[in-house]
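What follows is the residue order along each chain.
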Number of protein chains: 12
Amino acid sequence: MNDHVYKHIELTGTSADGIEAAVGNALAVAALSVRHMRWLEVIDTRAHIEGGRVDQWQVTVRIAFTVES
Amino acid sequence: MNDHVYKHIELTGTSADGIEAAVGNALAVAALSVRHMRWLEVIDTRAHIEGGRVDQWQVTVRIAFTVES
Amino acid sequence: MNDHVYKHIELTGTSADGIEAAVGNALAVAALSVRHMRWLEVIDTRAHIEGGRVDQWQVTVRIAFTVES
Amino acid sequence: MNDHVYKHIELTGTSADGIEAAVGNALAVAALSVRHMRWLEVIDTRAHIEGGRVDQWQVTVRIAFTVES
Amino acid sequence: MNDHVYKHIELTGTSADGIEAAVGNALAVAALSVRHMRWLEVIDTRAHIEGGRVDQWQVTVRIAFTVES
Amino acid sequence: MNDHVYKHIELTGTSADGIEAAVGNALAVAALSVRHMRWLEVIDTRAHIEGGRVDQWQVTVRIAFTVES
Amino acid sequence: MNDHVYKHIELTGTSADGIEAAVGNALAVAALSVRHMRWLEVIDTRAHIEGGRVDQWQVTVRIAFTVES
Amino acid sequence: MNDHVYKHIELTGTSADGIEAAVGNALAVAALSVRHMRWLEVIDTRAHIEGGRVDQWQVTVRIAFTVES
Amino acid sequence: MNDHVYKHIELTGTSADGIEAAVGNALAVAALSVRHMRWLEVIDTRAHIEGGRVDQWQVTVRIAFTVES
Amino acid sequence: MNDHVYKHIELTGTSADGIEAAVGNALAVAALSVRHMRWLEVIDTRAHIEGGRVDQWQVTVRIAFTVES
Amino acid sequence: MNDHVYKHIELTGTSADGIEAAVGNALAVAALSVRHMRWLEVIDTRAHIEGGRVDQWQVTVRIAFTVES
Amino acid sequence: MNDHVYKHIELTGTSADGIEAAVGNALAVAALSVRHMRWLEVIDTRAHIEGGRVDQWQVTVRIAFTVES
């Protein structure tokens, strides 16, 4: 295997539609400035409540991407 | 910002339909006795298994609500 | 209650369809060799990224089953 | 399974007689105001020392009970 | 020592003035409904930022009080 | 010292009689299929509640045994 | 609520004057290059000792700011 | 209250008779060289296995005692 | 750099005046018997409550000092 | 990607030669009964001491392998 | 001491040669874009397995560097 | 087995040569004042960076030794 180096960044994505959608939104924003994203880890799952119901999921992920050296 | 004080309660909601639905059921019961719920944090995700399949998701959340002083 | 003893095994299930589906796939494979599974706990949620989007959820679960003595 | 919701409370029970007795005392007090307790988890075990010996075990438990909705 | 039982509650107090003041505000609100508070443990220290500066400390504490049986 | 390799398994033993008895029951079942057990670590202590009292201790242990190579 | 995405950065601020001042110094430096900071979490509190006294508090914070997409 | 300072030491006590007895043995040895012990916290519970049974409980405690200044 | 070895000790300092003052009191007592203290880490922040207010902060620190060999 | 399922096992490898060698010994024994090992995670590093020196490193790893379904 | 502010970044370095070499590779890549690196902390040690042997160590480090303000 | 009691001490050893060498240096200094050391656990691995390279590994270990009573 190549001796790649990966950098990790941490983002919180949000969505009314659920946990997977919130993660997807985080990735969509990260993809605007980062290339070669490889994997992510969910490290925190929260939600905002309005009127006794979840109106926004807030999921924090740690994303790893290959550093081009 | 106002110097609000928030109280936290911990509930386990259950549902056959998935993680988000289990959280929703926890909130629905909490809303019967608590007002001004603001946010929640998922702290444990478990499931009961029957016949080799998940038949009930069990999701524990910590819910924060404003204390009216 | 009977003084059952439970054994725990740890599996990572994967799926493009979401967290619950990845857990279901882990259980389907476990059911080929283990009987009497009772409950599970999600202990890690990761995903593989391809083209800036999640293409595979990877969910690690700890499964408990009754040991027949 | 019914989609029950469980609430969690946290208590510290104390006893000179040992860990199990301290937990039993916590439950006895909880039973005065809470019904339908289902399970508990030990989350901290401490003791007070007097004259170089334990004179009181202090065991903190998280108790789950069914919420009647 | 008496075999007291202690109950724990979790609150987030807030203040612009610092960590100790935020804890004090949490206690002031708790004292409106709880008697015989004995000790607390700081379990989370956060802050809200406005204009590049902290404008509100948010400190979560676990408070223990004697249950009168 | 010999360069032994140890494998770890995780079991939950149960008993009405207390924490040590629940661990003993886990070992008794493990001994039916595993030889050369060396040490264990308690990693979770729970209990089932019935009628306001503990009716079953549930103690999860990680057991290490020598692998014969 | 808007589906904002937040990025997290981690800084250690230092000050002879106390914990809150060390956090303030971290924010002041972060504000030179980051806009729209929203909240922070204290994740480590250390101090350097000189002559038997604290001469510098070292407080590590995780800061969240809105990503403009 | 007096502004006491407490020092913490960490010991592992052992006993064939159970968890509480192992803690008692740790205290008995500590009492030979330390005075004014006030409280302890159990931080690890292990056991040595011989012939498929526990033959020695090994309980690690953190003991706090008043420092005489 | 020299290959120094550092030893760690753990103390709880107390003060009515706040978190930093409690740490300062722990250091003042430690300095009576330990030289060459280099850094500390706050590992627990608690408080004693009297009359609904904090009357004593109790801060546990891990202090590192150079061992003279 | 294929929806593989991975199983995790936990082993402690030992060696006088260092941390990497202890991990290698754990893998060598695991390879006698497990095929398709993919990755491992170091979860605990300990050592046995004899005559004031390390005479055996003891490294616990969690190994993941593909389950053939 | 100067009131420096440090920023933390997280990288995974890889190497077939061992843990220290993997850390060295992470630093070599980080040094291409970051100056004034001061210290690092190892936060995760993993390895890729091929043919029953480690063929690549994967070590995640948190690196702190001085922010020039 | 004899009912030994073990005391734990925590040291940070340093070395330019790697993780195992830093642990060895910690033991060498500990051996000057402590006898009957039995085992150790690595609890933190850090390094100082100079010129973009590790110039000193800093490994913190918890060492257990038999207390002679």
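Structure: above.
Residues numbered from 1 in each chain as written. Chains lettered and ligands numbered in written order. Predicted model: local features only at pLDDT ≥ 70, side-chain atom pairs only at ≥ 80, totals over all residues. Heavy atoms only, no water.

K.L.:
What should I look at first to understand the interface of chain L and chain H in this one?
P.N.:
Put simply, an interface is often sized by how much accessible area is lost when its parts join up. Facing 11 residues of chain L, the contacting portion of chain H comprises 16 residues. On inspection of chain L and its partner chain H, the count reaches 1 salt bridge. With a closest N to O distance of 3.5 Å, glutamate 10 of chain H and arginine 62 of chain L form a salt bridge. Looking at side-chain class alone, the side of chain L that touches chain H contains 4 nonpolar, 4 polar and 3 charged residues. (Contact = heavy atoms within 4.5 Å. Salt bridge = Lys/Arg side-chain N within 4 Å of Asp/Glu carboxyl O. Nonpolar A, V, L, I, M, F, W, Y, C, P; charged D, E, K, R; others polar.)

K.L.:
Would you mind showing me how to read the interface of chain A and chain K here?
P.N.:
The partner chain K presents 16 residues to the 11 residues of chain A that form the contact. The junction of chain A with chain K conceals about 1,100 Å² of combined surface from both sides, 59% of it contributed by carbon and sulfur atoms. Our count for the contact surface shared by chain A and chain K stands at 1 salt bridge. Where chain A meets chain K, there are 5 residue pairs in polar contact (both at pLDDT 80 or more). Looking at the side of chain A that touches chain K, the element that brings in the most residues is strand E1 (residues 6-15) of chain A, giving 3 residues. For the side of chain A that touches chain K, the residue count by class is 4 nonpolar, 4 polar and 3 charged. By the bridge criterion, 3 bridges tie E1 of chain A to strand E1 (residues 6-15) of chain K in an arrangement that is antiparallel. Considered in E1 of chain K, the bridge of histidine 8 of chain A is made with glutamate 10 of chain K. (Buried area = accessible area lost by both parts, 1.4 Å probe. Polar contact = N/O pair within 3.5 Å; in protein donor to acceptor, adjacent residues only side chain to side chain. Helix = DSSP H or I, 4+ residues; strand = E, 2+ residues; numbered from the N terminus. Pairing = 2+ DSSP bridges.)

K.L.:
Honestly, the relation of the copies chain L and chain H in this entry has me stumped. Any pointers?
P.N.:
With an RMSD of 0.0 Å, chain L superimposes on chain H once it is rotated by 120° and translated 0.0 Å along the axis. What the superposition gives is, in effect, a three-fold axis relating one chain to the other. Using C-alpha coordinates, one finds that chain L approaches the rotation axis most closely at isoleucine 9 of chain L, a distance of 4.7 Å. (Least-squares fit on C-alpha atoms with pLDDT ≥ 70 in both.)

K.L.:
Just to check I follow, could you spell out the pattern of salt bridges for this structure?
P.N.:
A side chain with one charge may pair with a side chain of the opposite charge, provided their charged atoms come close. Residue and element names in this part refer to chain D. Under the definition given, this model contains 55 salt bridges over all chains. In this structure, the salt-bridge partner of glutamate 41 is arginine 62, at a minimum N-O distance of 3.6 Å. Of this pair, glutamate 41 sits in strand E2 (residues 37-50) while arginine 62 sits in strand E3 (residues 53-66), and the two are 21 residues apart along the sequence.

K.L.:
Help me out: how do you make sense of the pairing of strand E1 (residues 6-15) of chain G in this one?
P.N.:
Regular strands place their side chains on alternate faces of the sheet. Residue and element names in this part refer to chain G. Burial analysis of E1 places 9 of its 10 residues in the buried class, the great majority of the element. Taken together, the 10 bridges between E1 and strand E3 (residues 53-66) define a ladder with antiparallel strand orientation. Bridging across to E3, isoleucine 9 finds its partner in isoleucine 63. (Buried < 20%, exposed > 50% of the residue type's maximum accessible area, 1.4 Å probe, protein only.)

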